[in-house]
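Structure assessment
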Amino acid sequence: MRVDSAPPHLGARVPGQAVIEELLMLQSQVRPRSILERIFGVSPLGPESSPWYRGAIGEMAVGSILENLGPEWLVLHAVPVGAGSSDIDHVLIGPAGVFTINTKNHSGQSIWVAGRTLMVAGRKTRHLYNAAHEAARASKLLTAAAGFPVKATAVVVILEPKTLTIKARPEQAAVITDAQLLRWLRGFSPVLAWDELARISAAAVQPGTWHKRPSAHSDALALQQKFAALRHLVIQARRRRAAWVLSVPAMVFLTLMNGAAILQGLGGR
């Protein structure tokens, strides 16, 4: 992986970059599959890397949606924040204000929200608290860098849930699905003047605004290529498992039919 000498403009980062970096590190420690495992469609993902893979898929999907916001919006992905390895999935800056997005890939699962509680398939999560914490950090850091008060709105985006039930308005962050995201953002009235927007955006793209010790630049293209190769293997394994699931009943049926035909032939002698 090529590494530049200094951290660049944060606009160079790609959706899910921090998650992909962690995923590839974990995946490098996974034992390669045997020939039989590949034939039978065993997933190439290790147990520790599987959640990171789902997270990367989610952030990439939301990143693709955000590409349609328009040129008046600045969209930053995987923004490193603080002093450690934490990051904010997406930071949006536009006429409607500043938004921090925490993406959660809970595809096919039931989501229930009320007040300070967000449950996934009946289990409580910290999604609302974490999203609110990210927005508060963004507000503080951008205020210091821009030189005037900047408010960030916390958002939790749920990717393709089975259902989303809002029993009471969430108190700490907005909760919406990926399908609702663009319409929701476009529904806000402008609150930032162009000079304010320019000053916030200029500060937001600087790595030092967010992180105390900005790291050197990772080659985003190389990361994307490695992830694409891994994703191909995951999809290939899934298709092979599906093929085996479909083929086994068919083989049993044919065996039974052949057996019945043999017995019928013997009985007719």
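One structure accompanies this document, and this report is about it. (Residues numbered from 1 in each chain as written. Predicted model: local features only at pLDDT ≥ 70, side-chain atom pairs only at ≥ 80, totals over all residues. Heavy atoms only, no water.)

As for the overall build of the protein chain
Test applied: Segments assigned H or I by DSSP are reported as helices when at least four residues long, segments assigned E as strands when at least two residues long, and all are numbered from the N terminus. In this scheme, a residue with accessible area under 20% of its type's maximum is buried, one over 50% is exposed, and one in between is partly exposed, where area comes from a 1.4 Å probe on protein chains only. By the convention used here, residues are in contact when the closest approach between their heavy atoms is within 4.5 Å.
Looking only at helices and strands, the protein chain features eight helices and nine strands. For the protein chain, buried positions account for 42% of its 269 residues. Once local pairs closer than 6 in sequence are excluded, the contacts in the protein chain between residues at least 24 apart make up 68%.

Re the nonpolar core
We count it as follows: Nine residue types can take part in a nonpolar core, namely buried Ala, Val, Leu, Ile, Met, Phe, Trp, Tyr and Cys, and a core is a set of them joined through side-chain atoms within 4.5 Å.
Within the largest apolar cluster, 33 residues are counted, with the highest numbers of intra-cluster contacts made by Leu-76, Ile-93, Leu-118, Val-156, Ile-200 and Trp-210. Mapped onto this core, the elements with two or more residues apiece are β1 (74-80), β2 (87-94), β4 (110-114), β5 (117-120), α4 (127-146), β7 (152-158) and α6 (194-204). It is α4 that contributes the most residues to this core, six residues altogether. Contacts of Val-156, omitting those with residues within four sequence positions, involve Asn-102, Lys-104, Leu-118, His-127, Leu-128, Ala-131, Ala-173, Ala-174, Val-175 and Ile-176. Counting 15 residues, the second largest nonpolar core, distinct from the first, contains Leu-66, Ala-96, Ile-101 and Leu-185.

Observations concerning the packing of α4 against α6
Stated precisely, the cut-off is as follows: Interaxial angle, 0 to 180 degrees, is taken between N-to-C directions of lines fitted to C-alpha atoms, where a helix line uses only the stretch in contact. Angular relationships are summarised with four words: roughly parallel below 35 degrees, roughly antiparallel beyond 145, roughly perpendicular across 65 to 115, and oblique for the angles in between. Ten residues, namely Ala, Val, Leu, Ile, Met, Phe, Trp, Tyr, Cys and Pro, are considered nonpolar, four, namely Asp, Glu, Lys and Arg, are considered charged, and the remaining ones, Gly among them, are considered polar.
Close contact between α4 and α6 brings their axes to 9 Å; oriented N to C, the two are set at 110°. Considering their axes alone, α4 and α6 lie roughly perpendicular with respect to each other. When α4 is examined against α6, the residues Leu-142, Ala-145 and Ala-146 are found in contact with a partner set consisting of Arg-199, Ile-200, Ala-203 and Ala-204. When grouped by side-chain class, the residues that make up the contact of α4 with α6 number six nonpolar, no polar and one charged.

A closer look at the pairing of β1
Applicable threshold: Pairing between strands requires that DSSP locate at least two bridges from one strand to the other.
Of all the seven residues making up β1, five are buried; the element is thus mostly covered by neighbouring parts of the structure. Judged from the six bridges that link them, β1 and β2 form a sheet pairing that is antiparallel. Across the sheet, residue Leu-74 finds its bridge partner in β2, namely Ile-93. Connecting β1 to the antiparallel partner β2 that follows it, the hairpin turn spans six residues, and Gly-82 within it adopts a positive phi of roughly 90°.

Overview of the pairing of β4
For β4 and strand β8 (residues 163-166), the ladder comprises four bridges, and the chain directions are parallel. Pairing of Val-113 across the sheet is with Ile-166, part of β8. Bridge count for β4 against β5 is four bridges, and the pairing is antiparallel. What sits directly across from Ala-114, in β5, is Thr-117. Where β4 folds back on β5, the antiparallel hairpin that results is connected by two residues, among which Gly-115 adopts a positive phi of roughly 60°.

Looking at the sheet that holds strand β6 (residues 123-124)
Read from one edge of the open sheet, four strands run β6-β5-β4-β8, paired in mixed fashion. Edge positions in the open sheet fall to β6 and β8, since each of these has one partner strand only. Two elements, β5 and β6, share two bridges in a ladder whose sense is antiparallel. Residue pairing across strands places Val-120 opposite Arg-123, the latter belonging to β6.

Looking at unusual backbone geometry
Leaving glycine aside, a negative phi is the common case for residues, and trans is the common case for peptide bonds. One non-glycine residue with positive phi stands out, namely Ala-78, at about 45°. With respect to the helices and strands, Ala-78 occurs in strand β1. Phi angles above zero are rare outside glycine, and Glu-160 is one such case at about 45°. Along the chain, Glu-160 turns up in the loop between β7 and β8.

Side note on the environment of Gln-236
Along the chain, the position of Gln-236 falls in helix α8 (residues 220-267). Looking at Gln-236, the relative accessible area reads 28%, which means it is partly exposed. Along the sequence, Gln-236 and Ser-43 sit 193 residues apart, while their C-alpha atoms lie 8.8 Å from each other.

Quick look at the pattern of salt bridges
Where charged atoms from two side chains of opposite charge approach closely, those side chains can pair. Put simply, the test is: We define a salt bridge as a contact between a side-chain nitrogen of Lys or Arg and a carboxyl oxygen of Asp or Glu at a distance within 4 Å.
Counting across every chain of the model gives two salt bridges. Between Glu-37 and Arg-31 there is a salt bridge, with the nearest N and O atoms lying 3.2 Å from each other. Residue Glu-171 pairs with Arg-116 through a salt bridge whose shortest N-O separation is 3.1 Å. Placement of Glu-171 in the loop between β8 and β9 (174-177) and of Arg-116 in the loop between β4 and β5 is noted, with a sequence separation of 55 residues between them.

What to know about the packing of helix α1 (residues 17-27) against helix α3 (residues 50-66)
How two helices sit against one another is set out by the angle between their axes and by the gap between those axes. Heads up, the condition is: What makes a crossing left-handed is the near helix being turned counterclockwise from the far one by less than a right angle; a clockwise turn instead makes it right-handed.
Contact geometry for α1 and α3: axes closest at 9 Å, N-to-C directions at 155°. For the element pair α1 / α3, the angle class is roughly antiparallel. α1 and α3 meet at a crossing whose hand is left-handed. Facing α1, whose interface residues are Val-19, Ile-20, Glu-22, Leu-23 and Leu-26, α3 presents Trp-52, Tyr-53, Gly-55, Ala-56, Glu-59 and Met-60. Tallied by class, residues from the contact of α1 with α3 come to eight nonpolar, one polar and two charged.

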